[in-house]
Amino acid sequence: NTGATINFTGGGLAISTTGGAGFSATGGGTVNVTGSGNTITSGSGTALNIANTTIGASGLTFQSISSNGGANGIVLNSTGSGGLTVSGTGANDSGGTILNKTSDAISLIQTGPVSLSWMRIEDNLGNGIFGTTVNGLSLTNVRVIDNADNDAIDEAGIRLLNLLGTSTWSSIEVADSLEDNAQVLNSGSNTLTQLTINNSVFRDNSTVSPGNNGLIIQADGSANMTVDIVSSDFLRNRANGVQVVNNGTGTVDVEVGGAGSEFTDNNIGVNIAHNGPSPGRLLFDVTPGTFNSTLASPINLNLGGVSNAGSLMEGNAINNNIDNNDSLTGPGIRVIGNGGGTMTLLLQGNNIIEVANRGIEIIARDGSNTINPTLFGNTINLASTSAADAVHIAAGATSTDTTSICADINGDDLVANENFLQSAGLNGIRVRQRFASTTFGLEDYGGGATDTSAVQTFLANRNNGGDTYVADFAGAGFGTTANCPSPTP
């Protein structure tokens, strides 16, 4: 009945089928399920199916929902503002299991809030959890294992298009997905007010193509997203442990790190990129984390795109421990500017060892972008015979670049690799003003613009590492400024 409200109260609702639907409401009206101990076990049928029917203000509350085989396990489609809660009892799988589905195990469309606890979602051919326009998805002690079989439609362990409102994912595990373990992709003018991920693990997607990211956060259009990824591990993901991308004109604010955060055997540990036009902004903090045995750069920060003049990327990478197992592929921390826009960043207190490349690489290139780096108190110890400069900062990569650097380099410790660098003919810190149309400013430098000896002495006086300093120029040389821009606290 389109106008009816149906309430299941008092708890103890126990639904069991072998192949039919468990609980289905598809004819309109409003439905509520309250009380404790409500359960659904549906065999190969859809355990819970609410479509074009309003979930009432009291919501749907179940202790467990389970289904094995068939198309879907849980379907919520156009259910209004009422919510679904699956509580479990505090033990693994006590919230139910959704297994061996031929389509999405859990499908959430224009619904929410949804809260799932102590569930296992495993061995499904579609997405483990799929959602579009979900107003809040909270996951607690949920395991999403070995899902998805079609990379052509970007299936994932968790795939969310336009996650809205506030969500918390706590103590979850997402693993063995075909392509990405988890995706949160917002577009249009949709706003993710806050997603907090803590004490969770994203691991072991496919080791060959199409294996991709542990977690991707991406904004398009004018979408805004705020995401905190705290004390979580990203292990053995084929591409990036965490990838954050702003392609639009909105604001993305992301924090990655916290006590115990580990990034091991990913190609790139944390990859953050701002490709959007003005007035797009990307704000980031990567602190602290432990990065082990990545193949390429453990931390990658990219400002890119030919049309992003006026856009802003701003943030910090602080107190990270980077051990790259002497990988030849990438620097310990890589900062690249492409196209237009401005990146302002602080690299502080990072400990970088076993990098068979540059320790920190910062290059403003391929356009008219500006990078304002502050380096303070980093320790870089390179001992591989394949290592390059401990710190390398360059304004320009081609003769048509009009890029700019304003750098504050102070208190960095290169003593541990001083003798090695000198014997190998490498550099502790190398600064380069490469072409006539590029500019390079140094905070508090007082020497001549083209006096490379003065620049080298200036760097040596502000950092530890003997005489392993190099400056070269191909234009106006090195300017001076009282204060280079620094990230806003």
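The model shown is predicted, which means the values in this text are computed figures rather than measured ones.

A. Up close: the packing of aromatic side chains. One pass over the structure, following the stated rule, counts 7 aromatic pairs. Their ring planes at 70° and their centres at 5.3 Å tell us that Phe8 and Phe23 sit as a pair that is edge-to-face. Linking Phe8 in strand β1 (residues 5-8) with Phe23 in strand β3 (residues 23-25), this pair joins segments that are 15 residues apart in sequence. A centroid spacing of 5.5 Å and a plane angle of 5° characterise the contact between Phe234 and Phe263, whose relative ring orientation is stacked. With Phe234 in strand β25 (residues 233-235) and Phe263 in strand β28 (residues 262-264), this residue pair connects regions lying 29 residues apart in the sequence. One exposure class covers both Phe234 and Phe263, and it is buried. By way of ring pairs, the aromatic residues Phe202, Phe234, Phe263 and Phe291 are connected into one cluster.

B. A look at the pairing of strand β32 (residues 299-303). Most of β32 is tucked away: 5 of the 5 residues are buried. Alternating positions in β32 separate into two faces, Ile299, Leu301 and Leu303 on one and Asn300 and Asn302 on the other, with burial throughout. Both strand β29 (residues 268-274) and β32 contribute to a ladder of 5 bridges, which runs parallel. Across the sheet, residue Ala273 finds its bridge partner in β32, namely Asn302. Sheet topology note: the β32/strand β35 (residues 333-339) ladder contains 5 bridges and is parallel. Its bridge partner lying in β35, Ile299 is registered against Ile333.

C. Just helix α2 (residues 452-462), in detail. Among all positions in α2, only Val455, Phe458, Leu459 and Arg462 are buried. Here the buried residues of α2 occupy an arc of 95° about the axis, which is enough to place them on one side. Among the structural elements, β42 (404-410), β43 (429-433), β44 (439-443), β45 (469-473) and β46 (478-481) are those in contact with the buried residues of α2.

D. Looking closely at unusual backbone geometry. Here the amide bond leading from Gly112 into Pro113 is cis, since omega sits at 5°, within 30 degrees of zero. The phi dihedral of Ala148 falls on the positive side, at around 85°, and the residue is not glycine. For Ala148, the position within the fold is in the loop between β17 (143-145) and β18 (156-170). Its relative accessible area of 14% is what places Ala148 among the buried residues. Notably, Asp204 is not glycine yet its phi reads approximately 55°, a positive angle.

The rules behind each value
By convention here, each chain's residues receive numbers from 1 onward along its written sequence. Local features in this predicted model are restricted to residues whose pLDDT is 70 or higher, and side-chain atom pairs enter the listing and the counts only when it is 80 or higher, whereas totals over whole chains, interfaces and linings include all residues. Excluded from the side-chain calculation are hydrogens and water; included are all heavy atoms of the structure. Here a Phe, Tyr or Trp ring, Trp counted by its six-membered ring, pairs with any other such ring whose centre lies within 6.5 Å, and the pair is stacked when the planes are under 30 degrees apart, edge-to-face when over 60, and tilted otherwise. Each helix is a run of DSSP H or I of at least 4 residues and each strand a run of E of at least 2, with the numbering of both proceeding from the N terminus. Categorising residues by exposure relies on relative accessible area from a 1.4 Å probe, with only protein chains included: less than 20% of the type maximum marks a residue as buried, more than 50% marks it as exposed, and the intermediate range marks it as partly exposed. In short, DSSP must find at least two bridges between two strands for them to pair. Arc definition: it is the arc formed by the directions from the helix axis to the C-beta atoms. Should any heavy atoms of two residues lie within 4.5 Å, those residues are counted as being in contact.

These figures capture arrangement, not role.
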